[in-house]
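The chain contents come next:
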Amino acid sequence: MTDEIDVSDCRRCEKLCASRSRIVNGVGPTDAALCFVGEAPGEREDDTGEPFVGRSGEVLDGALRDLGLARGDVRITNCARCRPPDNRDPTAEELTNCRPHLEGEIDAVDPDVIVTLGKVPSEHLLGRSVPVTAEAGSVHDVRIAGATRRVLVCVHPAATLYDPSQRETFASALESAVELVDGGGDQSRLGEF
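Given the structure is predicted, the values throughout are model-derived calculations rather than measurements. (Residues numbered from 1 in each chain as written. Predicted model: local features only at pLDDT ≥ 70, side-chain atom pairs only at ≥ 80, totals over all residues. Heavy atoms only, no water.)

**Student:** Teacher, can you tell me more about the layout of surface pockets here?
**Tutor:** Sizing a probe to match a water molecule and rolling it over the atoms shows the empty space that remains. Taken as a whole, the largest pocket holds about 430 Å³ of empty space. As for the largest pocket, its lining consists of 20 residues, and the residues nearest its centre are A40, G42, E45, S56 and H156. Only helix 3 (43-48), helix 4 (55-66) and helix 8 (157-162) provide two or more residues apiece to the lining of the largest pocket. (1 Å grid on protein atoms, 1.4 Å probe; cavity = no way out; pocket = protein on both sides within 12 Å on 5 of 7 lines; lining within 4 Å. Points joined across faces, edges and corners; volume = space filled by probe spheres on them. Helix = DSSP H or I, 4+ residues; strand = E, 2+ residues; numbered from the N terminus.)

**Student:** Where do I start with the packing of helix 5 (residues 92-109) against helix 6 (residues 119-126) in this structure?
**Tutor:** Relative orientation of the contacting elements helix 5 and helix 6 amounts to 75°, with a least axis distance of 12 Å. Classified by the angle their axes make, helix 5 and helix 6 are roughly perpendicular. Every residue of helix 6 that contacts helix 5 at L95, T96, R99 and L102 is listed here: V120, H124 and L125. Counted by class, the contact of helix 5 with helix 6 contains 4 nonpolar, 2 polar and 1 charged residues. (Axes fitted to C-alpha atoms, helices over the stretch in contact; angles between N-to-C directions. Parallel < 35°, antiparallel > 145°, perpendicular 65-115°, else oblique. Contact = heavy atoms within 4.5 Å. Nonpolar A, V, L, I, M, F, W, Y, C, P; charged D, E, K, R; others polar.)

**Student:** What is the right way to read the environment of P157 from this model?
**Tutor:** Inspection of the secondary structure puts P157 in helix 8. Under the relative-accessibility criterion, P157 is labelled buried at 0%. Through-space distance from the C-alpha of P157 to that of A134 is 16 Å; in sequence the pair is 23 residues apart. Once residues lying within four places of it in the same chain are set aside, the contact partners of P157 are F52, S56, V59, L60, L117 and F170. (Buried < 20%, exposed > 50% of the residue type's maximum accessible area, 1.4 Å probe, protein only.)

**Student:** Just to check I follow, could you spell out the side chain of T77 for this structure?
**Tutor:** If you trace the backbone, T77 turns up in strand 2 (residues 75-78). T77 sits in the buried class, given a relative accessible area of 1%. Side chain to side chain, T77 and E105 meet in a polar contact 2.6 Å long. When sequence neighbours within four positions are dropped, the list of residues in contact with T77 reads G26, C35, F36, V37, G38, P51, F52, L102 and E105. (Polar contact = N/O pair within 3.5 Å; in protein donor to acceptor, adjacent residues only side chain to side chain.)

Structure representation (structure tokens):
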């Protein structure tokens, strides 16, 4: 199934093609119950070819461990698969260009819950302005890839590094996501949980 969701070549965004060293596809099970969606790869992700491997990834991995999960139990991806120059936010056009890749991945994985990590993915998937801190942990039914999906808003893991008061907000939102999956009666999709 990875051939259906991995992007091997894309030239839709001239500036991103010039700034990337590789396309960073999602990682994790192709039938994961939880799918985490970030904004775009940073420098470390561009170097390694894997999303959320820097300091933010360490925060996410630690929070998953606290919930009895491993990184390999969940799907982790981004709205944009290529690193924007100087780690800027992807533009609206870049997000739109990459949207078919994201929707194809979500459709193939068919997660029970999609967790948006930060403002960019929250606004991109919900299609509106999102005050992330105020809405962290809230769940919304959204049409994505031809189906209604549960999307849970979460602060970005990096927010906990720059503002320690966000740690509880982040942990609580992730706990809510796991409870949503657990409440669905499909615990086997969350590994050992």
